[in-house]
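# Structural description and commentary
What follows is each chain in one-letter form.
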Protein chains: 2
Amino acid sequence: MTRYQHLANLLAERIEQGLYRSGERLPSVRALSQEHGVSISTVQQAYQILENLQLITPQPRSGYFVAHRKAQPPVPAMSRPVQRPVEVTHWDEILTLMEGRTKTGITAFGGGQPDLSQPTLKPLWKELSRVVQHNVNEILSYDELPGRRELREQIARLMLDAGSVVTADDLIITSGCHSALSLALLTICKPGDIVALESPSFYGTMQMLRGLGIKAIEIPTDPGTGISVEALELALEQWPIKGVIVVPNCNNPLGFIMPEARKRQLLALAQRHDIVIFEDDICGELAYEYPRPSSIHSLDIDGRVLLCNSFTKTVAPGLRVGWIAPGRYYDRVMHMKYAASGTNVPSSQLALAAFIREGYYHRHVRRMRQIYQQNIETYTCWVRQFFPCGICVTRPKGSYMLWVELPEHVDMVCVARELSRFNIQIAAGSLFSASGKYRNCLRINCALPPNEKHRMAVEQMGEAVNMAMEE
Amino acid sequence: MTRYQHLANLLAERIEQGLYRSGERLPSVRALSQEHGVSISTVQQAYQILENLQLITPQPRSGYFVAHRKAQPPVPAMSRPVQRPVEVTHWDEILTLMEGRTKTGITAFGGGQPDLSQPTLKPLWKELSRVVQHNVNEILSYDELPGRRELREQIARLMLDAGSVVTADDLIITSGCHSALSLALLTICKPGDIVALESPSFYGTMQMLRGLGIKAIEIPTDPGTGISVEALELALEQWPIKGVIVVPNCNNPLGFIMPEARKRQLLALAQRHDIVIFEDDICGELAYEYPRPSSIHSLDIDGRVLLCNSFTKTVAPGLRVGWIAPGRYYDRVMHMKYAASGTNVPSSQLALAAFIREGYYHRHVRRMRQIYQQNIETYTCWVRQFFPCGICVTRPKGSYMLWVELPEHVDMVCVARELSRFNIQIAAGSLFSASGKYRNCLRINCALPPNEKHRMAVEQMGEAVNMAMEE
């Protein structure tokens, strides 16, 4: 992090904590420069950032003042989904969302694409070029069934950071996390089975359940601490649930990191009821805290956690490289990979293996964590500024998704339709429920660089929401 | 085709037809040169080919003579599989086969890899390089759900050659033909359902059924004309069969092309019993005849044929680009793609679209047809030469697979194990049956260039078979 960013964060924190009150004058540039032993221009840059975030306002010849702002909106309460297994619906809306993704000129706040514009990604396509030129025979041939060993070795090393001790032989490469999870579900479940999951949950996961004929039971989930282990226990006593899908680290869409103790509780519950845990760690590496939070997989002693992951969010979706650490189900998942999906593209794997081995991956992820954390701050400010009072907003601990809850009567499905006319795409909350809940919520993809264009789009979003409020 | 190849084929045909008998003297080089209006050296090159194929032998100062050879072995008879639905077995043997594929130094007659060494493939990796350098943002981003439109447009054009009239909007790109078929099966069937298929059938297809919990009923199949429509009808009257999987063009492993009339009969039967046809056309473009044979899909009027295909055999497996034309099941297959496999790798698709658009694809496939036809001739000669009497051998009409049937008591599973000690990998026939039949058969991948090394490997194969015969 640069010095001025560090200073800006420090000041922003003090403002949030109320050390500087609304309307109060901030220390002069000179005073801050002396206090922190940094240059005048560093302080000026830090103040510029805070001004952009509209945390402070300059007054000519008097200095900087804490801006008059609405109070920090509260975090949404624990969710209260329908407490019985249901069939997932809403496919049409998701198809519309997917189609919007590739429309030219669209501002896509609704999808899940990461920021692909950073220079730290450059070594990746250099590696891709190198692979295409020097490994022709390998990239044209069939891949090994479990995927390229050199990549599995690198992934095993990465997984140590999350506390998981595995070798290349415990891992199976898949076509993204999506395919990892679908292989896991196909291995464990058959049509008609019931699987529990957090509520709200990523729409892709829920459509997967629908496609495979599996029923979903949505479990109350706290935007700060994750799935309610207590509610899950009640559900397990009532229904023949095969497993639970969780995104415990940098959850999509809520952004929480499950506290370690809750992870242990969840695992103990799974052991008591002999169910499996499908752990989706796709954004775990994008946690703002260091070291990154541990996976539930790292606590697993009897191989009941099937860890699914990919480089989709950390590197790039177009590579289609994910993996699964299927614990005691290794042989069955391997067969299912052969049966249902077949082998993978070797070129992406070879390029990624080199990207990690040469240290580019870690550099890139470090940078993206910072960028996303700053983006989330900026977008939160914008939402606070442009959206009406009475909203709740999550405080993500990682990744780049913001979840906004509006008053009960606001219909974000209508707002989304309205905004699409202006080429602004958002994901209404109902996509994240199997039973059509959360129509009054939305998820915003904050990987879109916080520039003027995107600020104006959030402003327009706010106007549409304000209009819907008044209806 | 070059002149000398044309001439060699003509002479080989005459020998096969008995116009030149065993031991008979062939026309002199000069006479042939005059008869066909070609140069002396063209005739010499043609004779050289026939000599390599051991169809003729030179005698110093007397010219060329038709070689003394065993009689052309007969074609295997119609298969007689178990006539009831069974669960597919033999996964362990297939895993061993897959693992062998990437072992260094192995001669892999058992797998399905095409010949990737031809110069007509060069433009493909040039296109790949170009895409990596000039379309960075596209190759890193999420693909469109149905796949890249520019590729679907090219595929729609290719499909016209097989008589199918479709547009880009009727097609869904998949990760190879394997994934196309698995999406089709997941869409139509649920665990416990029964699907009919040719016997023998490609082991990958059968393991897919096993993985998805679908029972297989193997239908008697003629190595010349394909699946017995009559036997299928009997099975349909007896069992609740959901659909039938067929590879009607350049069948794997038998190499037949179903006559057009049989294709129509099969479709009419499917209509009468209201079942779907899963048509695998993966080698249809590699038919030796011109124009290529039509697909059953091209005859379909009510959208019950789900055509699955890919560029795996015609271009390269490592690209992982296939497609499905799912007829009236388009919406459901699209949802299943989103549910079970997710999007595809954009880079392969962009490179392939350019490869086809610029005419490189057609040039490459034309060349490969010729090469494979010559390879099949050569390998057939070798098998005739090195294998014992009493065998049956298929006469493939396209692609590069040869199926050899040995006397009942020969156990090719044991022979395969024996040969693997010499780094020679073969696929025993039992892999191609759901019920363990065809242990006395083997499939040989004739895409391996017919050089001295491979001739010696076939010789060693023959020795191992001879030893097994005597046991």
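Residues numbered from 1 in each chain as written. Chains lettered and ligands numbered in written order. Predicted model: local features only at pLDDT ≥ 70, side-chain atom pairs only at ≥ 80, totals over all residues. Heavy atoms only, no water.

Here we come to the packing of aromatic side chains. All names here are of chain A. Scanning the entire structure with this criterion turns up 24 aromatic pairs over all chains. Relative to Tyr-64, the ring of Tyr-47 lies with its centre 4.5 Å away and its plane at 35°, an arrangement referred to as tilted. Remark: Tyr-64 occurs in strand β2 (residues 63-66) and Tyr-47 occurs in helix α3 (residues 40-52); sequence separation between them is 17 residues. Tyr-64 matches Tyr-47 in its accessibility class, with the two residues each being buried. (Phe/Tyr/Trp six-rings, centres within 6.5 Å; stacked < 30°, edge-to-face > 60°. Helix = DSSP H or I, 4+ residues; strand = E, 2+ residues; numbered from the N terminus. Buried < 20%, exposed > 50% of the residue type's maximum accessible area, 1.4 Å probe, protein only.)

It is worth spelling out the relation of the copies chain B and chain A at this point. Once turned by 180° and shifted 0.0 Å along the axis, chain B lies on chain A with an RMSD of 0.1 Å. Taken together, these values place the two copies in the relation of a two-fold axis. Relative to the rotation axis, the C-alpha of B:Ser129 is the closest in chain B, positioned 3.0 Å from it. Taken as a fraction of all interface residues of chain B, those also at the interface in chain A reach 100%, which identifies the copy contact as same-surface. (Least-squares fit on C-alpha atoms with pLDDT ≥ 70 in both. Contact = heavy atoms within 4.5 Å.)

Turning to the interface of chain B and chain A, a few remarks are in order. One frequent convention defines the size of an interface as the accessible area lost when the parts assemble. Contacts between chain B and chain A engage 59 residues on the former and 59 residues on the latter. Approximately 4800 Å² of surface area, both sides summed, lies buried where chain B meets chain A, with 66% of it carried by carbon and sulfur atoms. A per-residue breakdown of the area chain B buries against chain A is headed by B:Leu140, B:Tyr142 and B:Tyr338, which together make up 18% of the total. Here chain B and chain A share zero salt bridges between them. Taken together, the connections running from chain B to chain A amount to 17 residue pairs in polar contact (both at pLDDT 80 or more). Broken down by secondary-structure element, the contributors of at least two residues to the side of chain B that touches chain A are α4 (91-101), α5 (122-134), α6 (136-140), α8 (176-188), α9 (203-211) and α12 (330-341) of chain B. When residues in the side of chain B that touches chain A are grouped by element, the largest group, seven residues, is from α12(B). When its residues are assigned to classes, the side of chain B that touches chain A shows 31 nonpolar, 21 polar and seven charged. (Buried area = accessible area lost by both parts, 1.4 Å probe. Salt bridge = Lys/Arg side-chain N within 4 Å of Asp/Glu carboxyl O. Polar contact = N/O pair within 3.5 Å; in protein donor to acceptor, adjacent residues only side chain to side chain. Nonpolar A, V, L, I, M, F, W, Y, C, P; charged D, E, K, R; others polar.)

All names here are of chain B. Estimates place the volume of the largest pocket at around 1000 Å³. Along the walls of the largest pocket sit 35 residues, with Asn-9, Tyr-288, Gln-373, Glu-377 and Pro-396 positioned nearest its centre. Sorting elements by how many residues they give to the lining of the largest pocket places helix α14 (residues 360-386) first, with twelve residues. Looking at the lining of the largest pocket, its residues break down into 14 nonpolar, nine polar and twelve charged. (1 Å grid on protein atoms, 1.4 Å probe; cavity = no way out; pocket = protein on both sides within 12 Å on 5 of 7 lines; lining within 4 Å. Points joined across faces, edges and corners; volume = space filled by probe spheres on them.)

Residues and elements named next belong to chain A. What the rule picks out here adds up to 42 salt bridges over all chains. One salt bridge in this structure joins Glu-150 and Arg-148, with 3.2 Å as the shortest N-O distance. On the basis of relative accessibility, which here comes to 26%, the residue Glu-150 falls in the partly exposed class. Given the relative accessible area of 12%, Arg-148 is considered buried. Between Lys-190 and Asp-193 there is a salt bridge, and its shortest N-O distance comes to 3.6 Å. Taking the relative accessible area as the measure of exposure, Lys-190 reaches 46% and is therefore partly exposed. Note on Asp-193: relative accessible area 10%, which makes it buried.

Moving on: the sheet that holds strand β12 (residues 392-393) of chain A. With antiparallel pairing, four strands are arranged side by side in an open sheet as β12-β13-β16-β15 (chain A). Strands at the two margins of the open sheet, each flanked by one partner only, are β12 and β15 (427-428) of chain A. (Pairing = 2+ DSSP bridges.)

Bringing the packing of helix α5 (residues 122-134) of chain A against α5(B) into the picture now. Where α5(A) meets α5(B), the axes come as close as 9 Å, and the angle between the chain directions of the two elements is 175°. By the angle between their directions, the pair α5(A) and α5(B) is classed as roughly antiparallel. On α5(B), the residues that touch A:Trp125, A:Leu128, A:Ser129, A:Val132 and A:Gln133 of α5(A) are B:Trp125, B:Leu128, B:Ser129, B:Val132 and B:Gln133. Of the residues belonging to the contact of α5(A) with α5(B), the class tally is six nonpolar, four polar and no charged. (Axes fitted to C-alpha atoms, helices over the stretch in contact; angles between N-to-C directions. Parallel < 35°, antiparallel > 145°, perpendicular 65-115°, else oblique.)

Enumeration according to the criterion identifies 14 cavities of 30 Å³ or more in this entry. The computed volume of the largest cavity comes to approximately 470 Å³. A:His178, A:Phe202, A:Ile282, A:Lys313 and B:Tyr142 are the residues nearest the centre of the largest cavity, which is lined by 34 residues in total. For the lining of the largest cavity, the secondary-structure elements that each account for two or more residues are α4 (91-101), α8 (176-188), β5 (194-199) and α9 (203-211) of chain A. Broken down by element, the residue count for the lining of the largest cavity peaks at four residues, all from α8(A). Its residues placed into classes, the lining of the largest cavity shows 15 nonpolar, 13 polar and six charged.

With that settled, the discussion passes to unusual backbone geometry. In this model, A:Tyr290 is joined to A:Pro291 through a cis peptide bond whose omega is -5°. Relative to the helices and strands, A:Pro291 is located in the loop between β9 (276-280) and β10 (305-310). Residue B:Asn252 is joined to B:Pro253 through a cis peptide bond whose omega torsion reads 10°. By the secondary structure assignment, B:Pro253 is in the loop between β8 (241-246) and α11 (260-272). Phi angles above zero are rare outside glycine, and A:Cys250 is one such case at about 55°. By the secondary structure assignment, A:Cys250 is in the loop between β8 (241-246) and α11 (260-272). You can call A:Cys250 buried: its relative accessible area is 1%. Although it is not a glycine, B:Asn423 sits at a positive phi angle of roughly 65°.

Below, the discussion takes up the side chain of A:His454. All names here are of chain A. Following the sequence through the fold, His-454 ends up in helix α16 (residues 452-470). For His-454, a relative accessible area of 7% puts it in the buried group. Not counting chain neighbours up to four residues away, the residues in contact with His-454 comprise Thr-107, Phe-109, Tyr-379, Trp-382, Leu-448 and Pro-449.

The next point concerns α5(A). Here α5(A) contains 13 residues, and its C-alpha end-to-end distance of 18 Å stays within 8% of the 18 Å for a straight helix at 1.5 Å per residue. Of the surrounding secondary structure, the elements contacted by the buried residues of α5(A) are α6 (136-140), α13 (346-357) and α14 (360-386) of chain A together with α5 and α6 of chain B. (Expected span 1.5 Å × (residues − 1).)

As a further point, take the state of the cysteines. Per the counting criterion, the structure on display carries zero disulfides over all chains. Distance from the sulfur of A:Cys441, which forms no disulfide, to the nearest cysteine sulfur (A:Cys392) is 8.7 Å. What makes A:Cys441 buried here is its relative accessible area of 1%. For B:Cys189, which is in no disulfide, the shortest distance to another cysteine sulfur is to B:Cys308 and amounts to 12 Å. (Disulfide = S-S within 2.5 Å.)

What follows deals with the side chain of B:Ser295. Relative to the helices and strands, B:Ser295 resides in the loop between β9 (276-280) and β10 (305-310). The class for B:Ser295 is buried, based on a relative accessible area of 1%.

With 99% of its residues at a pLDDT of at least 70, chain A reaches an overall mean of 93. Scored as a whole, the predicted complex attains pTM 0.89, and scored at its interfaces, ipTM 0.88. (pLDDT = per-residue confidence, 0-100.)

Residues and elements named next belong to chain B. Strand order in the open sheet formed by four strands is β12-β13-β16-β15, and the pairing between neighbours is antiparallel. The open sheet has two edge strands, β12 (392-393) and β15 (427-428), and neither has a second partner. Sheet topology note: the β15/strand β16 (residues 441-445) ladder contains two bridges and is antiparallel. In the sheet register, Ala-428 faces β16, and the bridge partner there is Leu-442.

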